[in-house]
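# Overview (structure and organization)
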Amino acid sequence: MANRRSEALAFSLVTGINLAMARLVDIWDSIGIMEEQRVERMEAVKKHIDDLLNEMITEEENLKHRIERSIITCKKQLETLHLELSVEPYKIDPNLTVLQLEKDLRTKMEALMKEKNDRLKELETLQQDDNALCTELCATPYYIPTGSMPSRSQLQDLREHIKSLKEEKKNRIKVFSDLRQDIRQLMTEIGHSPETSMEKEVVCDDMDAFLLTNENIKALKMIVFQLEVKKESLTLTRDELKDKVLNLSNRLGFMEQGKRLEEKPAGSLSDEIVMWQNELEHLEELKKANLEEVIKKIRVELAEYWDKCRFSSDQRDSFKYFYDDNFTEELLMKHDEELLQVKMYYEKCKPLLETVERWEKNFAIFQEFERRASDPNRFSNRGGTLLKEVKERVKIQKLLPKLEEELKSSIEMWEAEQGTEFLFGGLKVMDYIANHWDEHRLLKGKEKNERVKKDTSAGRTPGKRPHGGLTIVSTPNKTKKVAGTQNFSVLRVTSSSSSSSSNNSTASTFHSVSGKPPLSIQKMQLKGRILDPAPRTPLQEFNSEKRTVRIGSYTEFTKELSQKSHPDTVLNSTAKDIIH
């Protein structure tokens with residue numbers, strides 16, 4: 001369509017020139033211009049038309065050259081911009097005319113130039129923010145070479161960097177606020193005034209005066225740590241002074257004054273220390289005038305701690321100043337040192353002492369059960385009391401060995417840690433426990449001997465006792481010869497125990513055969529050691545038995561009682577109860 005229009009215009013141009021020339025010829029004819037003049041005039045017209053067309057052709061050619069140069073320039077600039085901006089190269093459409101290509105290249109170049117300018121402006125703004133944040137936080141700015149064109153990824157990284165710096169600033173502001181609050185509170189509590197420039201910057205209200213650098217944050221944390229250590233030290237000093245004042249007030253009889261000081265509104269730790277220090281100095285002056293009374297009160301407290309630690313008389317006598325009547329400052333200091341050492345020892349071995357006391361308590365309950373076992377009246381109870389007693393007794397029988405094992409392991413560990421022996425009443429704990437079991441066994445033997453002596457002193461064989469116990473029935477009429485040498489009598493030993501379900505008595509009979517010597521010899525043979533020519537103590541009776549096994553714990557004690565006795569031995573209902 002465009003070609004047709006241009007062709008029509010070209011045809012119209014030729015037609016117009018022809019018409020113009022025909023018109024000129026007509027005018028020349030009418031004027032009567034001769035041929036030569038016509039030729040000159042036509043040449044002038046032709047020259048004029050040629051010049052005009054040549055001029056137009058020259059202008060259009062110049063335009064073409066400019067467009068081509070513009071295309072070349074745009075291509076070069078686009079290549080440079082592509083490299084600077086790190087974008088994909090521009091692809092030329094081969095179907096475009098020169099004019100279209102130039103326009104397209106110029107538009108693309110203008111867009112890239114705008115992007116370049118925008119990047120540079122954004123880079124400048126971001127770098128300003130980054131530098132400001134880095135200055136506040138003492139951080140390293142994001143590096144982009146000076147004079148270089150930032151890529152899109154670099155700008156994005158810079159934005160992320162600034163975002164992280166803002167978050168870090170926000171966190172540091174919170175940390176700073178918390179630390180500042182802690183520092184102010186600690187300074188108020190301990191009565192500390194800011195001394196260093198850092199402390200003064202922290203407590204001031206101007207937030208911008210403090211740089212939120214990592215080093216400054218660490219310095220603040222160090223200040224908090226130092227203040228906490230100082231607070232702990234001052235608290236310890238305050239408590240020590242307070243204890244000294246209260247103890248001294250107690251010794252001097254001024255407890256009310258100490259209580260008033262405790263109830264007094266508390267200021268800073270420094271103020272409290274000054275208050276307690278002044279009170280202590282005042283009491284020290286009073287103490288000097290009442291040394292004897294103070295030392296006597298310390299001795300009372302010292303004796304109480306000796307009792308708590310179960311010190312033996314030798315351990316107590318090792319403190320040779322206890323009975324010194326020369327009441328001096330030096331004697332008071334000796335007593336204070338001894339009391340402090342005993343208190344420290346008590347705190348170290350308190351768990352062991354509590355365990356031993358627990359064993360003593362349960363051992364006393366066990367002895368009470370043993371005592372009740374020999375009481376025949378216990379079977380006449382009603383309401384299930386005996387069944388409860390049996391259950392409690394079994395519980396104690398299981399608990400005592402566990403406590404002994406626990407004590408043994410705990411003491412071994414304690415001695416290994418402390419590097420010294422743990423003594424209870426001047427003895428090792430296991431020896432102390434063994435002595436209790438020995439005494440208990442001797443006491444039971446003594447009680448059995450006394451019962452036998454009582455029966456034999458009446459001039460008769462002990463008869464059957466109700467609800468268990470010892471029953472020896474002599475049957476002199478039912479004798480027979482054994483081996484044709486001696487007469488033998490049957491000794492019947494009867495014991496009964498209570499059933500846990502029906503409370504009915506069941507009897508078991510043990511028969512032993514012995515010779516029939518004189519009555520005094522029979523009494524000796526009944527136990528092998530019941531009667532002696534002269535009275536003996538239980539310990540002597542125990543030693544006379546010549547036993548090689550020592551009963552050192554509840555397990556060994558019950559083991560010995562559960563063994564089958566010598567044919568001449570009389571079984572006791574207590575042993576039977578323990579076995580069952």
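Residues numbered from 1 in each chain as written. Predicted model: local features only at pLDDT ≥ 70, side-chain atom pairs only at ≥ 80, totals over all residues. Heavy atoms only, no water.

Within the chain one finds 17 helices and seven strands. For the chain, contacts bridging at least 24 residues in sequence account for 66% of all contacts bridging at least 6. Surface accessibility of the chain: about 37,500 Å² in total, with carbon and sulfur atoms responsible for 53%. (Helix = DSSP H or I, 4+ residues; strand = E, 2+ residues; numbered from the N terminus. Contact = heavy atoms within 4.5 Å. Areas by Shrake-Rupley, 256 points an atom, 1.4 Å probe, with all protein chains shown as cover.)

It is worth spelling out unusual backbone geometry at this point. One non-glycine residue with positive phi stands out, namely cysteine 138, at about 55°. Relative to the helices and strands, cysteine 138 resides in the loop between helix H3 (98-137) and helix H4 (152-190). Its identity as a non-glycine residue notwithstanding, arginine 310 has a phi of 55°, on the positive side. With respect to the helices, strands and loops of the structure, arginine 310 is situated in the loop between helix H9 (291-309) and helix H10 (313-317). On the basis of relative accessibility, which here comes to 26%, the residue arginine 310 falls in the partly exposed class. (Buried < 20%, exposed > 50% of the residue type's maximum accessible area, 1.4 Å probe, protein only.)

As a further point, take the confidence of the model for the chain. Of the residues in the chain, 73% reach a pLDDT of 70 or more, and the chain-wide mean stands at 74. Contacts from residues 462-551, a stretch scored under 50 in pLDDT, to residues over four places away or in other chains number 156 contacts. Taken as a whole, residues 564-580 scores under 50 in pLDDT and shows 42 contacts with residues more than four places along the chain or in a different chain. (pLDDT = per-residue confidence, 0-100.)

Before going further, it helps to examine the packing of aromatic side chains. Under the counting rule described, the total for this entry stands at 13 aromatic pairs. Between the aromatic rings of tryptophan 414 and phenylalanine 422, the centroid separation amounts to 5.5 Å while the plane-to-plane angle is 70°, which identifies the pairing as edge-to-face. Every member of this aromatic cluster is reached through a ring pair, and the members are Trp306, Phe319, Tyr321, Phe322 and Tyr323. Its guanidinium or amino end placed over the ring of phenylalanine 322, arginine 299 lies 5.7 Å from that ring's centre, counting from NZ or CZ. Above the ring of tyrosine 305, the side-chain terminus of lysine 308 is found at 4.6 Å from the ring centroid. (Phe/Tyr/Trp six-rings, centres within 6.5 Å; stacked < 30°, edge-to-face > 60°. Lys NZ or Arg CZ within 6 Å of the ring centre and 35° of its normal.)

Take helix H2 (residues 35-85) next. In this model, H2 (51 residues) spans 73 Å end to end at C-alpha, consistent with the 75 Å of a helix rising 1.5 Å per residue. The complete set of buried residues in H2 reads Arg38, Ile67, Ser70, Ile71, Cys74, Leu78, Leu81, His82 and Leu85. A positive phi of about 55° marks serine 86, the residue just after H2. (Expected span 1.5 Å × (residues − 1).)

Here we come to a nonpolar patch on the surface. Together, Leu52, Leu53, Met56 and Ile57 give the surface a local cluster of nonpolar side chains, amounting to about 350 Å² of exposed area. Relative to the assigned elements, isoleucine 57 resides in helix H2. (Patch = residues over 30% accessible without salt bridge, like charges linked within 9 Å, V, L, I, M, F, W, Y side chains within 5 Å. Salt bridge = Lys/Arg side-chain N within 4 Å of Asp/Glu carboxyl O.)

Under the counting rule described, the total for this entry stands at 19 salt bridges. The partner of arginine 152 in a salt bridge is glutamate 115, with the nearest N and O atoms 2.8 Å apart. With arginine 152 in helix H4 and glutamate 115 in helix H3, this residue pair connects regions lying 37 residues apart in the sequence. We classify arginine 152 as exposed; its relative accessible area is 52%. Glutamate 360 serves as the salt-bridge partner of arginine 310, at 2.8 Å between the closest nitrogen and oxygen. Of the two residues, arginine 310 sits in the loop between H9 and H10 while glutamate 360 sits in helix H11 (residues 329-373), which places them 50 residues apart along the sequence.

Now for the packing of H9 against H11. Contact pair H9 / H11: the axes reach a minimum separation of 8 Å and the direction vectors enclose 20°. With respect to H11, the axis of H9 lies roughly parallel. Considering how the two elements wind past one another, H9 and H11 form a crossing that is left-handed. Of the residues assigned to the contact of H9 with H11, the class counts are 15 nonpolar, one polar and eight charged. (Axes fitted to C-alpha atoms, helices over the stretch in contact; angles between N-to-C directions. Parallel < 35°, antiparallel > 145°, perpendicular 65-115°, else oblique. Left-handed = near helix turned anticlockwise from the far one by under 90°. Nonpolar A, V, L, I, M, F, W, Y, C, P; charged D, E, K, R; others polar.)

Moving on to the nonpolar core. Counting 73 residues, the largest nonpolar core has Ile183, Leu220, Trp359, Phe422 and Val429 as the members making the most contacts within it. Ile71, Cys74, Leu81 and Leu105 belong to the second-largest nonpolar core, a separate cluster that totals 12 residues. (Core = buried A, V, L, I, M, F, W, Y, C linked by side-chain atoms within 4.5 Å.)

Remark: H3 packs on H4, axes separated minimally by 10 Å, with the N-to-C direction vectors making an angle of 25°. In this view, H3 runs roughly parallel relative to H4, as classed from their interaxial angle. Once H3 is placed against H4, the crossing between them reads as left-handed. Where H3 approaches H4, its residues Glu115, Arg119, Glu122, Leu123, Leu126, Gln127, Asp129, Asp130, Leu133, Cys134, Glu136 and Leu137 are matched on the opposing element by Arg152, Leu155, Leu158, Arg159, His161, Ile162, Leu165, Lys166, Glu168, Lys169 and Arg172. Among the residues forming the contact of H3 with H4, the class breakdown is nine nonpolar, two polar and 12 charged.

Below, the discussion takes up the environment of isoleucine 190. Of note, isoleucine 190 is situated in helix H4. Classification of isoleucine 190 by relative accessible area gives buried; the value is 0%. Measuring from C-alpha to C-alpha, the distance between isoleucine 190 and isoleucine 273 comes to 9.9 Å, with 83 residues separating the pair along the chain. With residues up to four places along the chain from it excluded, the contact list for isoleucine 190 reads Leu227, Lys230, Lys231, Leu234, Ser268, Leu269 and Ser270.

Inspection of the secondary structure assignment puts arginine 38 in helix H2. Classification of arginine 38 by relative accessible area gives buried; the value is 16%. Within the structure, the side chain of arginine 38 is placed 3.2 Å from the backbone oxygen of isoleucine 33, a separation counted as a polar contact. Leave out the neighbours within four places in its chain, and arginine 38 touches Val25, Trp28, Asp29 and Ile33. (Polar contact = N/O pair within 3.5 Å; in protein donor to acceptor, adjacent residues only side chain to side chain.)

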